[in-house]
Amino acid sequence: MLSATDLHFTYAESDRPVIRGISFDLKAGEIVSLLGPSGCGKSTILRLVAGLLSPESGMITWPAGEKRLSFVFQDAALMPWATVTENVLLPLSLKNTVGESDVEKAHDMLAAVGLEGFDKRYPHKLSGGQRMRVSIARALIAHPELLLLDEPFAALDEILRFQMNEMLLKLRRKQGWSALFVTHSVYEAAYLSDRVFIIKNGTIEGEVKPSLNRDLPSFEQRGSPEFSKAVSRISKLLEARR
Amino acid sequence: MKRVLLPLLALSAIILAWHLWVASGNVPKFILPAPGAVAGALIDNFGPFMLAAASTFKVTLIALTAAVISGVALALAFSLSRTVEMTVYPFAVILQVTPIVSIAPLVLIWVGIDNVERALVIIAWLAAFFPILANMSAGLRAVDKNLSELFTLYGATRWQRFWRLLWPTAMPYLLASLKVSGGFALIGAVVAEFVAGSGGATGLAWRILEAGNRLQTEKMFAGLILLSVMGVCIFYSFAALERWLLAYRR
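Heads up: these notes are all about the structure in this document. Note that the coordinates shown come from a computational prediction; the quantities given were computed from them, not determined experimentally. (Residues numbered from 1 in each chain as written. Chains lettered and ligands numbered in written order. Predicted model: local features only at pLDDT ≥ 70, side-chain atom pairs only at ≥ 80, totals over all residues. Heavy atoms only, no water.)

## Notes on helix 4 (residues 82-97) of chain B
Residue and element names in this part refer to chain B. What counts here: Helix and strand definitions here come from DSSP, where helices need a minimum of 4 consecutive H or I residues and strands a minimum of 2 consecutive E residues; each element is numbered from the N-terminal end. For a helix, the expected span equals 1.5 Å multiplied by the number of residues minus one. We define the bend at each residue as the angle formed by axes fitted to the 7 residues ending at it and the 7 residues starting at it. Throughout this description, a polar contact denotes any pair of N or O atoms lying within 3.5 Å of each other; where both atoms belong to protein, one of them has to be capable of donating a hydrogen while the other can accept it, and for residues adjacent in sequence the pair is counted only when both atoms sit in side chains.
Between its first and last C-alpha atoms helix 4 spans 22 Å; for 16 residues at 1.5 Å apiece the expected length is 22 Å, and the two agree. When the local axis directions of helix 4 are compared, the greatest deviation, roughly 35°, occurs at Val88, which is followed within four positions by the proline Pro90. At the N-terminal end of helix 4, a side-chain oxygen is found 3.3 Å from the backbone nitrogen of Thr83, two or three residues along, and the residue is Ser81.

Here's what the structure looks like:
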């Protein structure tokens, strides 16, 4: 569904390139994680794919038609002056006038992320995990083909992070979008992803395919030999970088 | 309840101590009149005092409105153009740091000879303008970077970006500055009336000045109390507006 070819990028205030010849394909319905140390260019790749930055050279090819993508940031980036429903409706309300059906859609989306009945609350009244759920509901309401997630669960505790991982996989199964997922967690990358790219100094250093059996309950997936093997291979590639 | 009761109790204690001190006869009445004498002066001159208060309040309100309009407009211009900001901001700072009492005589000569009220408004505006400009500029710069990127990603127009992102982000800053500038506008109006002297013979400051010249200290106190009440009302009106408009933060 998306093909990036030989991307290069340098920030204006720096003379050191952040992205140096990155190429990859992303298939429909696939979750690909970008894993690597801070400053290796993971978030820049997301911004290049989103069109928020333009590559110096190289190209990103989308299938014909309107590209539908959404972004989820590490902090929920909600409008504090707007209710939960108004926040979720943002992508639609910036394009058209919002109607009754859209409001219903927002309520459905909130139910899908486990926030039924929270529609009239303001972000100030929500916990960190609930705010992130609103952010995900906002990202999904426009029916994206591609979801770009920039360390969305980094600030959450481990238990909440597990819950969010489950929720994300469930939503992906239901809605079928693809995702580029930036994370610092080896375990999260191994559990969530169909493929994991190890990023080093602006290039893809290696690729790991966890191949977990998604039909198994989550605790069995996390305890499976495939999961351990994926974690081990990712760790080895990360170690090799040093 | 406590928030109202505690200051009221403190005020009652101060008035009582004041009364007892004056009643002890240790201080001449023309230096410190008794609270009852101040209340009497206020009641006896209620009509003229109210007219004077209305005049000062009118100047304050016009100046504050002008400060809000000009401060917000200039802050918007700053947010749109760094060149405008670099060119104009130093002059705004110069106006802010130059004591208003030293500019006031010039303003009175330039624009006040045929219309004193216009000069009073300009002086009060000078006092109130800068906090609004500075806070609004800070508010417009405080936009969440990620939220701004989302607006770009979802194809927001310039108008949508302003009305739905910049303005609500800057609103708490603007409301905070109103509480400060409301007081500054009143101070500016009073300073202007003092400097204008008998030329500005309609406001509360002139009433205080006139009473001072006649050693009518109780009338001076009455005028001061009215000014304080006006300042407190302005502050709490904007505090209430802030609480109402920013209810989402509670």
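## Some remarks on a negative patch on the surface
All names here are of chain A. Stated formally: Residues enter a patch when their relative accessible area is above 30% and they make no salt bridge; the linking distance is 9 Å between like charges and 5 Å between nonpolar side chains (Val, Leu, Ile, Met, Phe, Trp, Tyr). Here the open area of atoms and residues is found with the Shrake-Rupley method and a 1.4 Å probe, where only the protein chains shown may cover a residue. Note on definitions: salt bridges are taken to be side-chain nitrogens of Lys or Arg within 4 Å of carboxyl oxygens of Asp or Glu. In this tally, Asp and Glu contribute negative charge and Lys and Arg positive charge; neither His nor the terminal groups of the chain are included. Working definition for charges: the position is that of NZ of Lys, CZ of Arg, CG of Asp or CD of Glu. Per-residue accessibility, obtained with a 1.4 Å probe over protein chains only, is compared with the maximum for each type, and a residue is labelled buried under 20%, exposed over 50%, and partly exposed between these values.
Where like charges cluster on the molecular surface, the negative patch consists of Glu100, Glu104, Asp108 and Glu116. Relative to the helices and strands, Glu100 is located in helix 4 (residues 100-112). You can call Glu100 exposed: its relative accessible area is 64%.

## Thoughts on the packing of helix 8 (residues 158-196) of chain B against helix 9 (residues 204-213) of chain B
Residue and element names in this part refer to chain B. Applicable threshold: What counts as an axis is a line fitted to C-alpha atoms, over the stretch in contact for a helix, and the angles between N-to-C directions run from 0 to 180 degrees. By definition in this entry, angles of less than 35 degrees are roughly parallel, angles greater than 145 are roughly antiparallel, angles of 65 to 115 are roughly perpendicular, and the rest are oblique. Throughout, a crossing is termed right-handed when the near helix is turned clockwise from the far one, and left-handed when it is turned anticlockwise from it by less than a right angle. Two residues form a contact once any of their heavy atoms are found within 4.5 Å. Note on residue classes: Ala, Val, Leu, Ile, Met, Phe, Trp, Tyr, Cys and Pro are nonpolar, Asp, Glu, Lys and Arg are charged, and everything else, Gly too, is polar.
At a minimum axis distance of 8 Å, the contact between helix 8 and helix 9 shows a crossing angle of 45°. When the axis of helix 8 is compared with that of helix 9, the two are oblique. Helix-helix and strand crossings are classified by hand; for helix 8 and helix 9 the assignment is right-handed. Where helix 8 abuts helix 9, its residues Val190, Glu193 and Phe194 lie against Leu204, Ala205, Trp206, Ile208 and Leu209. Classifying every residue of the contact of helix 8 with helix 9 gives seven nonpolar, no polar and one charged.

## Some words on the sheet that holds strand 6 (residues 146-150) of chain A
All names here are of chain A. Short version of the rule: For two strands to be treated as a pair, DSSP must find no fewer than two bridges joining them.
An order of 5-6-7-3-8-9 is seen for the six strands of this open sheet, with the pairing classed as mixed. Pairing within the sheet leaves two strands with one partner each, and these edge strands are strand 5 (69-72) and strand 9 (203-208). Taking the axes of each pair of neighbouring strands and ignoring which way they run, one obtains an average angle of 20° across the sheet. Pairing between strand 8 (residues 195-200) and strand 9: five bridges, direction antiparallel. When the sheet's bridge partners are listed, Phe197 is paired in strand 9 with Glu207.

## Description of the environment of Asn165 of chain A
All names here are of chain A. As for its position among the elements, Asn165 is in helix 6 (residues 158-175). You can call Asn165 buried: its relative accessible area is 1%. Each C-alpha atom of the pair Asn165 and Arg16 lies 35 Å from the other, and the pair is 149 residues apart in sequence. Apart from residues no more than four positions distant in its own chain, Asn165 is found in contact with Phe153, Glu188, Tyr191, Leu192 and Arg222.

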